[in-house]
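Coordinates in review
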Amino acid sequence: MQEITQFNTQLTKQRRSSTILVGVLLTCGFSAAVPMFNDSIKHTETLFCNTKTECRGSSIKRGISYLIDRERRNQLFDNNIQVVKILPPEDDKAVYFGAAASLFLLTAYGISKALTDNQEKAIHSQFKLLKIKALENDLLESTHIDLFGFSKSNQAEITKQAIARHTSETIQAMKSEGEVQLDHLNGQLQGTLSIKSHQLQVSELDKETAKNELETAEIKRKLDKLNKPVQDAKTPTADEQVKQSLIDALKGHEDGYLWKIISSLKPLWLIGNQGSGKTYTAGAIALIRKYCLDADIYYLIDRHATGINAKVWKFLQSQNIAENEQDTMTAFQNLAQYWMDRIKQNPSNKTQTIIDEFTHQRMLIGELADTVFKLSLSDTRKAKNMLLGITHNDTNESFAPGTEATRKAGMILLQKFSADGDTPLPRVVVRYGLVDAQGNELKDVEHTLPSWVHPEKIHQHFNGKPIDFDS
């Protein structure tokens, strides 16, 4: 408030000074302009009368000399007048007074305009300063409250510890000699058990270390075998061999159905009950596509992406992650534009989009999810964006209503199963989306998943611990 009062006082002083100065300039300007309104002050005048009248009193006329001289060129006018007297101007510098009057008035206007602009800027600047100070005060107040709460919490914790310690000391003092001895014996027994437990843990660790060293030696042997130079100039590198070994294993498993699914640009959707391992299977497929097809993950949409599902998705290194409602809505809006942009660009590389719990996403954002789902049935293939989705079942409650026919023609549906709602089974059923060698549509074909279709094992396969597909 003090700053506002000082600011108002300053503005008042400026206006008072400016008003006085402008008033003086206006007075001077108007005063200097007075002679400009009287012809006798600034012009030479001629007194004349009509030759037919007496040149006295009201018969004598007054006129500006240069105008009378112009009229006297008319002989009739010149013959009928008689010049009585020539009156010089009262002040031949009256024109300069007029110029000075204009200068005073313009100066008064300039000063008034400058004051108005200056005070307007000052007021805006003061408002900004007051707003900044208000924000600073709010921040200081919030920080003070946080510090007070933190201090209060610490004091409460210290008080609880002090009370607990005092209670323990009181109970100990109340014990009899026999109880004290019994506590001593219990302490010795607990110490012995702790030592034995520690020794057992060390033994288990030694055992795990030996096992890891053995596995490391085996892996090194396999890598040395893979990296062994061959005379053929076209021998693939170790990374290419690791990649090719996985592709060959996928092609060799049950007529290669899994590789057909993984390499297809059709949207792939996984369905199944809780505990069927849908998320782990999706993570493994996404990693296989990343390493074998060079398809980086563009978007991961999962409300548990950095929560309970973090251990599944941690190997993906997605460019974008959407977890909450606002991020999910933004992600679906971006996907529609992303597909359109890639279709226009016709890129050579592939990318991936992963959507977990699509049913829940539809509940969050409504019609936008249905619109994007309908677009995905055609746009993802044209944009070379491999869509991998997870939902509960193949119904209109899980997918956009009215898309049953287009779903069967435009996507692959893979169903997973669990034994007891908690243990995933290797059994899978390809409901639709694949065709045989003659182009006939395959429906409800039962297969199995290899045990190594797991995100951690796929990651290890490409990071120094290749999978032994023969075991």
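This text goes with the structure placed above it.
Scope of this entry: the structure provided in the associated data block.

1. Re the overall build of the protein
In terms of regular secondary structure, the protein is built from 15 helices and 13 strands. Projected onto its principal axes, the C-alpha coordinates of the protein cover approximately 145 × 90 × 55 Å. Residues classed as buried in the protein amount to 31% of the 471 residues present. In the protein, 67% of the contacts between residues at least 6 apart in sequence involve partners at least 24 apart. For the protein, the computed accessible surface area is about 30100 Å², with 55% contributed by carbon and sulfur atoms. For the protein, the centre of its 57 positive side-chain charges and the centre of its 58 negative side-chain charges are spaced 7 Å apart.

2. Quick notes on the state of the cysteines
This model, assessed by the stated rule, comprises 1 disulfide. Shown here is the disulfide that connects C49 with C55, its sulfur atoms set 1.6 Å apart.

3. Some words on the side chain of T380
Inspection of the secondary structure assignment puts T380 in helix α13 (residues 367-383). A polar side-chain atom of T380 sits 2.6 Å from the main-chain carbonyl oxygen of S376. In contact with T380, other than residues within four places in its own chain, are L265, P267, W339, L375, N385 and L387.

4. A short note on the packing of helix α12 (residues 358-365) against α13
Any two packed helices are characterised by how steeply their axes cross, that is the angle between the axes, and by the distance between the axes. In the contact formed by α12 and α13, the axes pass within 6 Å of each other and the chain directions differ by 130°. Taken together, the axes of α12 and α13 are oblique relative to one another. Two secondary-structure elements touch here, α12 through F358, Q361, R362 and I365 and α13 through E367, L368, A369, D370 and F373. By residue class, the composition of the contact of α12 with α13 is 5 nonpolar, 1 polar and 3 charged.

5. A closer look at the nonpolar core
Counting 43 residues, the largest nonpolar core has W313 and I458 as its most contacted members. When neighbours within four sequence positions are excluded, W313 is seen to be in contact with T279, A282, G283, L300, D302, A305, I354, D356 and I390. Core analysis: the second largest hydrophobic core is formed by 25 residues, A322, F358, F373 and A383 among them.

6. As for the pairing of strand β7 (residues 351-355)
Regular strands show a simple pattern: their side chains alternate between the two faces of the sheet. The buried count for β7 comes to 5 of 5 residues, which makes it a mostly enclosed element. Neither face of β7 is exposed, since T351, T353 and I355 on one face and Q352 and I354 on the opposite face are all buried. In the sheet, strand β5 (residues 296-301) pairs with β7 via 5 bridges, with the strands oriented parallel. Bridge assignment links L300 to a residue of β7, and that residue is I354. As paired strands, β7 and strand β8 (residues 385-390) are joined by 5 bridges and run parallel to one another. Opposite Q352, over in β8, you have M386 as the bridge partner.

7. Description of the packing of aromatic side chains
Applying the stated rule across the entire model yields 10 aromatic pairs. Judged by centre distance (5.1 Å) and plane angle (90°), the rings of W269 and F399 are edge-to-face. Taken together, the residues span a long stretch of sequence, with W269 in strand β4 (residues 268-271) and F399 in the loop between β8 and α14 (404-410) at a distance of 130 residues. You'll find W269 and F399 in the same group, each marked buried. Aromatic side chains Y298 and Y338 sit 3.7 Å apart centroid to centroid with 5° between the ring planes, which places their arrangement in the stacked category. Pair noted here: Y298 is in strand β5 and Y338 is in helix α11 (residues 325-345), with a separation of 40 residues, a long-range link. Here Y298 and Y338 have matching classes, each one buried. Cluster of aromatic residues (ring-pair linked, three or more members): W269, F332, F358, F373 and F399. The positively charged end of K290 is found above the aromatic ring belonging to Y291, 6.0 Å away from the centroid. Taking the ring centre of F417 as reference, the NZ or CZ of R427 above it sits at 3.9 Å.

About the cut-offs
- Residues numbered from 1 in each chain as written.
- Predicted model: local features only at pLDDT ≥ 70, side-chain atom pairs only at ≥ 80, totals over all residues.
- Heavy atoms only, no water.
- Helix = DSSP H or I, 4+ residues; strand = E, 2+ residues; numbered from the N terminus.
- Buried < 20%, exposed > 50% of the residue type's maximum accessible area, 1.4 Å probe, protein only.
- Contact = heavy atoms within 4.5 Å.
- Areas by Shrake-Rupley, 256 points an atom, 1.4 Å probe, with all protein chains shown as cover.
- Lys, Arg positive; Asp, Glu negative; His and termini not counted.
- Charge placed at Lys NZ, Arg CZ, Asp CG, Glu CD.
- Disulfide = S-S within 2.5 Å.
- Polar contact = N/O pair within 3.5 Å; in protein donor to acceptor, adjacent residues only side chain to side chain.
- Axes fitted to C-alpha atoms, helices over the stretch in contact; angles between N-to-C directions.
- Parallel < 35°, antiparallel > 145°, perpendicular 65-115°, else oblique.
- Nonpolar A, V, L, I, M, F, W, Y, C, P; charged D, E, K, R; others polar.
- Core = buried A, V, L, I, M, F, W, Y, C linked by side-chain atoms within 4.5 Å.
- Pairing = 2+ DSSP bridges.
- Phe/Tyr/Trp six-rings, centres within 6.5 Å; stacked < 30°, edge-to-face > 60°.
- Lys NZ or Arg CZ within 6 Å of the ring centre and 35° of its normal.

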